[in-house]
Amino acid sequence: MKRSEEWTQPEPLWREDYDLSSFSPLDQNHTTDVLVVGGGMTGITTAYLLAKAGRQVTLIEADQLLNGTTGHTTAKVTAQHGLIYNEFQKHFGVDQASLYYQAQMNALNLMENLIDEHSIECEWEKEDAFLFATTEQGAHKLEKEHTAYQQLGIPGTITESLSFEAEATKALSMHDQARFHPIKYLTALVRAFTNMGGTVFEQTKAVDVTEEKDDITVTTGNGPLITCKQLVSCSHFPFYDGKGFYFSRMYAERSYLMAIEPEKEIPEGMYLSVDEPKRSIRTASYGGKPILIIGGESHKTGQGVDTSFHYRALEEFASRTFGIRQKLFQWSAQDLTTLDKVPYIGPITRKNTRVFVATGFRKWGMTNGTLAAQLIADYIQGEESLFHDLFRPSRFKTDPSMKQFLSQNFDVAVHLVEGKLELVADRPEHTKKGQGRVIQWRGERAGAYRDENGELYMLDTTCTHMGCEVEWNSGERTWDCPCHGSRFSFDGTVVEGPADRPLVDLTGQLYPPVPDEEYIEEDQQDQP
């Protein structure tokens, strides 16, 4: 496939030319001590740590291991999660803000120890991470953040410039952070897990949970049941809510990434801007050459402009700042943010000590995912952790949680109403090859997509989670919900929750089907 054609089906750098082990789907009922759902950083590390502690563990993944958020990361391993420590000091106090930093660094150190223990070749490099400002207002925020670093004992330095050409007003470093190749690292952990007797099933989706007195039964999409004593949900958005109402306590954002071979010298360090539009920069390698990964352009899922705009904005920044000798990859990611920006890690509700959840990592899944594995393994082993209370999902900090709760759910209500009132005039026959769009069908809002062979797919655009209207994402060819972040493939199947049912298929109502030669090209549509 030509590289220009691949942009319509973006794949991340990490999965390119890397053979992953495959595992069979579950085809019969299965019993285990601990069931871990989700084959990314959190799920694999949790399964590994529990197996190492002597527990019988089964890991299941709805698709293929490492094909979700972990496979689409920037793969920065850092405790520098944007401008957070000054904010956390204000909301939670110095002690809790310090614990957050300690927890992230403990996760980084665990990863480094595992790399040494298993001699993992994963391009692990220690280097400083930098926040940088491009405005005076941003510089003032960095000064406040630096003060927080000093109060919390975080090693860092504030400077007036960067190691590359950019209109920076100030920069703040955090020393001794890291970057790596996530697929190479986690593939080694999967191998170690199975060598310890762990079991893995791919193409096995957890769809329902029944909690009984002694056991938990998980129903899979394949049909077989899995019986376990303890259940861990590491499926990005929790596949099982357990009356925790997580859909109302998080919001989803999409962001975009691009890998380039630059014309200018590649800077040392990892970078993140604090002013809008935010830009993330880190070094990687491809084909034996150093390259750059440029990220940014975050927006709430289902609420952004056309996806191509975001990629063009990143490309323009990369060209202006580093020059582009060759554009190599582009891809996108989806991340969840909690009400107070601290992940939810622990028992799914206050009274449920058998089902555990890890979610809401706010783009920082490498350290938070590893941290979650540590904390959940401690819970299951009956061990206390200094960090349990800080990350406990049942917490509710009045400031800022109440403000964010009201803001996010008001936003949901607005999009629910707007979607129902939207006036649409397009017809399905106006849809060109490779195009998706909102249309009108029999007086109702619907969605149409025509593939490259001319086959037309038509769906009800009402999200099956809570009834909001989904929007077309041209970059990933998905239908995205602006309310709670559910995503559906062009044929209506669920790509990402909280929705657990596909969009209603209306294609069968197209009778007779519109022949390929009869769909209307855009230039014909423009004629009076």
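See the structure above.
Definitions and cut-offs
Residues numbered from 1 in each chain as written. Predicted model: local features only at pLDDT ≥ 70, side-chain atom pairs only at ≥ 80, totals over all residues. Heavy atoms only, no water. Helix = DSSP H or I, 4+ residues; strand = E, 2+ residues; numbered from the N terminus. Expected span 1.5 Å × (residues − 1). Buried < 20%, exposed > 50% of the residue type's maximum accessible area, 1.4 Å probe, protein only. Pairing = 2+ DSSP bridges. Axes fitted to C-alpha atoms, helices over the stretch in contact; angles between N-to-C directions. Parallel < 35°, antiparallel > 145°, perpendicular 65-115°, else oblique. Left-handed = near helix turned anticlockwise from the far one by under 90°. Contact = heavy atoms within 4.5 Å. Nonpolar A, V, L, I, M, F, W, Y, C, P; charged D, E, K, R; others polar. Salt bridge = Lys/Arg side-chain N within 4 Å of Asp/Glu carboxyl O.

Participant: Could you give me a rundown of helix H8 (residues 365-381), with the residues and numbers involved?
Facilitator: For H8, with 17 residues, the first-to-last C-alpha span of 23 Å sits near the 24 Å given by 1.5 Å per residue. One or two steps after H8, the chain reaches Gly-382, where phi turns positive at roughly 75°.

Participant: Requested: an account of the pairing of strand E10 (residues 216-220), with residues and values cited.
Facilitator: Burial runs high along E10: 4 of the 5 residues are buried. Judged from the 5 bridges that link them, strand E9 (residues 206-211) and E10 form a sheet pairing that is antiparallel. Counted as the bridge partner of Thr-210 is Thr-217 from E10. Counted along the chain from E9 to the antiparallel partner E10, the turn is 4 residues long. Pairing between E10 and strand E11 (residues 225-228): 4 bridges, direction antiparallel. Looking across to E11, one finds that Thr-217 is bridged to Thr-227. Linking E10 to E11, which pair antiparallel, is a turn of 4 residues; within it Gly-223 sits at a positive phi near 120°.

Participant: Give me the packing of helix H3 (residues 85-92) against helix H4 (residues 94-118): which residues, what numbers.
Facilitator: The N-to-C vectors of H3 and H4 enclose an angle of 140°; their axes lie 7 Å apart at closest approach. The angle between H3 and H4 falls in the class oblique. Judged by the twist between their axes, the crossing of H3 over H4 is right-handed. Where H3 abuts H4, its residues Tyr-85, Phe-88, Gln-89 and Phe-92 lie against Val-94, Gln-96, Ala-97, Tyr-100 and Tyr-101.

Participant: Please give an account of the environment of Gly-492 that cites residues and values.
Facilitator: For Gly-492, the position within the fold is in the loop between strand E25 (487-489) and strand E26 (494-496). With 35 residues separating them in the primary sequence, Gly-492 and Tyr-457 have C-alpha atoms 8.9 Å apart. Apart from residues no more than four positions distant in its own chain, Gly-492 is found in contact with Leu-459, Pro-502 and Leu-503.

Participant: With reference to specific residues and values, describe the packing of helix H2 (residues 41-52) against H4.
Facilitator: One way to put it is that H2 packs onto H4 with a least axis distance of 14 Å and a crossing angle of 65°. Crossing geometry of H2 relative to H4 is assigned as left-handed. From H2, Met-41, Tyr-48, Leu-49 and Lys-52 reach across to H4, where they touch Leu-110, Met-111, Leu-114, Glu-117 and His-118. A breakdown of the residues in the contact of H2 with H4 according to their chemical character gives 6 nonpolar, 1 polar and 2 charged.

Participant: Give me the lowdown on H4, citing residues and values where you can.
Facilitator: Three or four residues apart is the spacing at which side chains of an α-helix point the same way, because the helix has 3.6 residues per turn. Helix length check: H4, at 25 residues, gives a terminal C-alpha distance of 36 Å against a target of 36 Å (1.5 Å per residue), a fit within 8%. Downstream of H4 by one or two residues, Ser-119 has phi in the positive range, about 50°.

Participant: If you had to explain the sheet that holds strand E12 (residues 230-233) to someone new, which residues and values would you point to?
Facilitator: If you trace the 6 strands from one edge of the open sheet to the other, you get E8-E3-E2-E12-E19-E18, paired in mixed fashion. The open sheet is flanked by strand E8 (199-201) and strand E18 (344-349), the only strands paired with a single partner. Mean inter-strand twist for the sheet, computed between neighbouring axes without regard to direction, equals 20°. Here 4 bridges tie strand E2 (residues 34-37) to strand E3 (residues 57-60), and the two strands are oriented parallel to one another. Across the sheet, residue Val-34 finds its bridge partner in E3, namely Val-57. Sheet contacts for H8: E2, E12, E18 and strand E19 (352-359); angle to E18, the most-contacted strand, approximately 40°.

Participant: Please give an account of the sheet that holds E9 that cites residues and values.
Facilitator: Read from one edge to the other, the open sheet built from 4 strands follows the order E1-E11-E10-E9, with strand pairing classed as mixed. If you trace the sheet from one side to the other, it starts and ends with strand E1 (30-31) and E9, each paired once.

Participant: Let's hear about the pairing of strand E17 (residues 324-338): which residues, and what values?
Facilitator: The buried count for E17 comes to 13 of 15 residues, which makes it a mostly enclosed element. Here strand E13 (residues 250-262) runs beside E17; their pairing, made up of 13 bridges, is antiparallel. Residue pairing in the sheet places Glu-261 in a bridge with Gln-326 of E17.

Participant: Talk me through the pattern of salt bridges; I want residue IDs and the actual numbers.
Facilitator: Going through the model one piece at a time under the given rule, you end up with 24 salt bridges. Taking the shortest distance from any N to any O, the salt bridge between Lys-341 and Glu-87 comes out at 3.1 Å. Of the two residues, Lys-341 is situated in the loop between E17 and E18 and Glu-87 in helix H3; the sequence distance between them amounts to 254 residues. According to the relative accessible area criterion, Lys-341 is partly exposed, its value standing at 27%. Of the residues examined, Glu-87 reaches a relative accessible area of 19% and is grouped as buried. Notably, a salt bridge pairs Arg-392 with Asp-389, separated by 2.4 Å at the nearest N-O pair. Overall, Asp-389 belongs to the exposed group, its relative accessible area being 52%. Linked by salt bridges that have partners in common, Glu-143, Glu-160 and Lys-170 make up one network.

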